[in-house]
Amino acid sequence: MATSSRPSSLPVLIGKVTAFATRRTLPRLTVAYAKLGTRGFGSLTSTSPGGNGSTVAQPSAAPGATYNGVNPAAAPTMAAAPAATADPKLSALRAAMAAADGGRGVAAYLAPTEDPHMSEYPPACLKYREFITNFTGTAGTAVVTTDAALLWTDGRYFLQANTELGPEWTLMKAGTPGCPDLEDWLALNLPDGARVGIDPWVHTVNSVRTLQRKLDDAGKVLVPLLEDGNLISKVWADQRPPAPDAPLRVHPLRWAGEDLAAKLVRMREQMRQAGAAALLVSSLDEVAWLTNTRGGDVDHNPVALSYALLTPGAATLYVDAAKVVPPVAEQLQAAGVQVKPYDGLLADVSAVAASGERLWLDPARVSYAVYQAAAKAASEAASKKRPREEEGGAAANGHKAAAAPRGFRPVELASPVVGAKAIKNAAELEGMREAHLRDAVAVSQFMVWLQAKVAEGVTVTEVEVDEALTGFRAAQPGFVETSFSTIAGAGPNGAIIHYRAQPGTCRSVDASTLLLLDSGGQYDCGTTDITRTVHTGTPTDHQRRCFTRVLQGHIALDSAVWPEGTPGAALDTLARTALWREGLNYRHGTGHGVGAALNVHEGPQSISSRAHITTPLQAHMVCSNEPGYYEDGSFGVRIENLVVVVEKETPFRYGGQQYLGFARLTLVPLQAKMIDTGLLSPEEVAWVDAYHHEVWQQVSPRMQDQPALLKWLQANTRPLAEQK
């Protein structure tokens, strides 16, 4: 395991980190929502296996040895060579690092999860971090130096990373006590003057600024390797998957609720108010929402690799023209949207910047490569007008460019599409309700299927659980695909928060299994995300107690009423209080935003302990409610419903404020035998009974032609007192 052998120098390192942070007065990294979302980093708990990091060396390799055409031994060395790594991919990457930037090389290279659109789920051809680390989680950043390989990830993925990382890698447990942030680790462990390489396409403007500030303070140099391309792609070479080519499809007005032309008018008004002459839309789900299109370039996310650029008189979609099928072309043309090649964005952004007009870009979502191109164009245009003023303005080697040069004055605000997309209109909410009704039938069918298999004495694998549930969803009208990789965790695998079952290594479900099942579907009308924890036999008292404490947190959050202007962080403790009283907790957020027939994770809202996410929960936002508990090596519990924020009628309105609460979208019974009713208050019992009554009323009409399924639903939605 990656963390099975910690160096004995750990206390010394932590002391040095503290001293360094004090000496340099390094502030802790504050990560913007768009970077965190369901991702993000905090601190670490272990050091690299290379000791104190006082030397930086190029690993050796056998003469003539190559990996995908790269010969590590032939690359320029930067210091004395340590023992060769057992991982040929790391050897090849270190060779590319040494040869980068015209042979000047870099001492460290960063590989985040994100792609040029800062996607949580990149397409297969852009999963650079996953390729180099073998870690398949959706959050984390890898750092490779000449003598160390480290992965930062958060608590959702600690167990998974321990399983997937090879022995050359050190797991850095972000958010745990006593450890520096990634930037602080680089500042401390690299020698003075060390050069840190990044692919500017996969780092945001904000992240580059933060990293550069930390490195500058520590006497290190940030090197955006735009001309070199992504160094990991050089190692990947011909093994790299091809670019996706799925066609676009029209998202019908019935479910979109607002046509493309009207959306453009709304965004242009936002531009006018912000004083921007152009708006860059770079996130894939934002482009999909704005253009009323959906794609298939990314598994589970109905989006296409694309950008959009909007000006007062024009709108342009940058996408592979082969994906624009006739119905999509007609819709775009009717709204005055021009289609240009995907790689044509930089030229147009540069032209806007060079003209002196103000470009609106979101520094928390736009890649540094785009910013760099715009800044360069503006600077060159300004230097032609004021050559003397611009002389001497470039930094050594041209790498210190995070601050905007003269002539470039972008509007740096969150994209207006984010907020507009988060507030669902009536048609989008209708579509979400319809999707959840279809999903309720599919999940209920699966529960009946699983119950029958267990009764027959048949053992099914976690993979078969996934396949069966997906099959029931696929039989529903309008099903497109799953909304994320199904998490079917049997027994101890349920404690791996983002577990993914694999054939040959997965566990089985028999007549005495506690199963955590987190899954969702993408339908033409909406997106679902549900977690149910069920036992196929008789749960232990401890399992029931833990489940019930999670349920109490779920009920407390579902029942909350709050004044407008309240962020989700103010509600997070409601979901944890029952667990905290037992000395229990969970290492993930309690709620995330959900797209309408779009990405299952979206912002800007969040329900978590991340107090810096201050976006208020507003009416018509859709969120998840998913507290949990995970006992390593034993079992996991999570209960998740999707909810929509609605206005609440209250006896009073202090200060004239509107009060808000939740209405449920997810409609699948909770397993009564997992509930210890002796721990519930009368009000909590009433909540469960009312929820089950709602499930019966809403879902049973769709099961009238399936008597066995209807009987199961009726039995599992009776009052709790009747289910004992």
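Residues numbered from 1 in each chain as written. Predicted model: local features only at pLDDT ≥ 70, side-chain atom pairs only at ≥ 80, totals over all residues. Heavy atoms only, no water.

Looking at an unreviewed UniProt entry, one finds the protein named Putative Xaa-Pro aminopeptidase P and attributed to Tetrabaena socialis.

On to the overall build of the protein. The helix and strand inventory of the protein stands at 22 helices and 29 strands. Across the 724 residues in the protein, those meeting the buried criterion constitute 58%. Of the contacts made within the protein by residues no fewer than 6 positions apart, 73% connect residues no fewer than 24 positions apart. Looking at the protein as shown, the accessible area adds up to about 27600 Å², and 53% of this sits on carbon and sulfur atoms. (Helix = DSSP H or I, 4+ residues; strand = E, 2+ residues; numbered from the N terminus. Buried < 20%, exposed > 50% of the residue type's maximum accessible area, 1.4 Å probe, protein only. Contact = heavy atoms within 4.5 Å. Areas by Shrake-Rupley, 256 points an atom, 1.4 Å probe, with all protein chains shown as cover.)

This brings us to helix α21 (residues 682-699). Helical geometry: 3.6 residues make up each α-helical turn, so side chains three or four residues apart lie on a common side. Over its 18 residues, α21 runs 26 Å from end to end, which matches the ideal 26 Å to within 8%, given 1.5 Å per residue. Those residues of α21 not exposed but buried are Glu684, Trp687, Val688, Tyr691, His692, Val695 and Val699. One side of α21 carries all its buried residues, which in axial view fall inside an arc of 125°. Facing away from the buried surface of α21 by more than 90 degrees, the exposed residues are Pro682 and Glu683. (Expected span 1.5 Å × (residues − 1). Arc of directions from axis to C-beta.)

In this structure, Leu93, Trp169, Leu231, Ile232, Leu264 and Val337 are the most contacted members of the largest nonpolar core, which totals 75 residues. Beyond its immediate stretch of four places on either side in the chain, leucine 264 contacts Leu290, Leu310, Ala315, Ala335 and Val337. Val441, Ala468, Leu557 and Met703 belong to the second largest nonpolar core, which has 74 residues in total. (Core = buried A, V, L, I, M, F, W, Y, C linked by side-chain atoms within 4.5 Å.)

Bringing the confidence of the model for the protein into the picture now. Per-residue confidence for the protein gives a mean pLDDT of 87, with 85% of residues at or over 70. The low-confidence segment residues 1-84, where pLDDT is below 50, has 202 contacts with residues more than four positions distant or belonging to other chains. Here residues 388-398 is a poorly scored stretch, pLDDT under 50, and it has eight contacts once near neighbours within four places are set aside; other chains count. (pLDDT = per-residue confidence, 0-100.)

Side chains Ala278 and Leu280 of strand β8 (residues 278-281) all project onto a buried face; the interleaved residues Leu279 and Val281 project onto the opposite face, where all are buried too. The pairing of β8 with strand β13 (residues 359-361) spans two bridges and is classified as parallel. In the strand pairing of β13, alanine 278 is matched with leucine 359. (Pairing = 2+ DSSP bridges.)

The subject of this paragraph is the environment of glycine 257. In this structure, glycine 257 sits in the loop between α9 (253-256) and α10 (260-274). Residues contacting glycine 257, with those up to four places away along its chain left out, are Asn425 and Ala427.

Our focus in this paragraph is the sheet that holds β8. If you trace the six strands from one edge of the open sheet to the other, you get β12-β11-β10-β8-β13-β14, paired in mixed fashion. Each end of this open sheet is capped by a strand with a single partner; those strands are β12 (337-340) and β14 (411-412). Sheet topology places strand β11 (residues 315-318) next to β12; four bridges connect them, and they run parallel. Among the inter-strand pairings, alanine 315 is bridged to a residue of β12, identified as valine 337.

The next thing to look at is the pattern of salt bridges. Counted according to the given criterion, the structure contains 25 salt bridges. A salt bridge links arginine 195 to aspartate 101, with the nearest nitrogen and oxygen atoms 2.3 Å apart. Of the two residues, arginine 195 is situated in strand β5 (residues 195-198) and aspartate 101 in the loop between α3 (88-99) and β1 (108-112); the sequence distance between them amounts to 94 residues. The class for aspartate 101 is buried, based on a relative accessible area of 10%. Several salt bridges share partner residues, and in doing so they unite Asp285, Lys421, Lys424 and Glu602 into one network. (Salt bridge = Lys/Arg side-chain N within 4 Å of Asp/Glu carboxyl O.)

Our focus in this paragraph is helix α13 (residues 345-354). Those residues of α13 lying buried are Leu345, Val349, Ser350, Val352 and Ala353. Relative to the axis of α13, the buried residues are bounded by an arc of 160° and lie together on one face. Buried residues along α13 sit against β8, β10 (307-310), β11, β13 and α14 (368-385). Looking one or two residues past α13, glycine 356 carries a phi angle of roughly 90°, positive in sign.

On to the side chain of histidine 251. Relative to the assigned elements, histidine 251 resides in the loop between β7 (249-250) and α9. Looking at histidine 251, the relative accessible area reads 4%, which means it is buried. Among the polar contacts made by the side chain of histidine 251, one reaches the side chain of arginine 294 at a distance of 3.4 Å. Other than its neighbours up to four places away in sequence, histidine 251 contacts Ala256, Asn292, Thr293, Arg294, Asp524 and Ala597. (Polar contact = N/O pair within 3.5 Å; in protein donor to acceptor, adjacent residues only side chain to side chain.)

Structurally, the position occupied by asparagine 493 is in the loop between β17 (487-490) and β18 (508-509). Here glutamate 462 takes part through its side chain, which lies 3.0 Å from a polar atom of the side chain of asparagine 493. Those residues in contact with asparagine 493 that sit more than four places away from it in its chain are Glu462, Tyr499 and Arg507.

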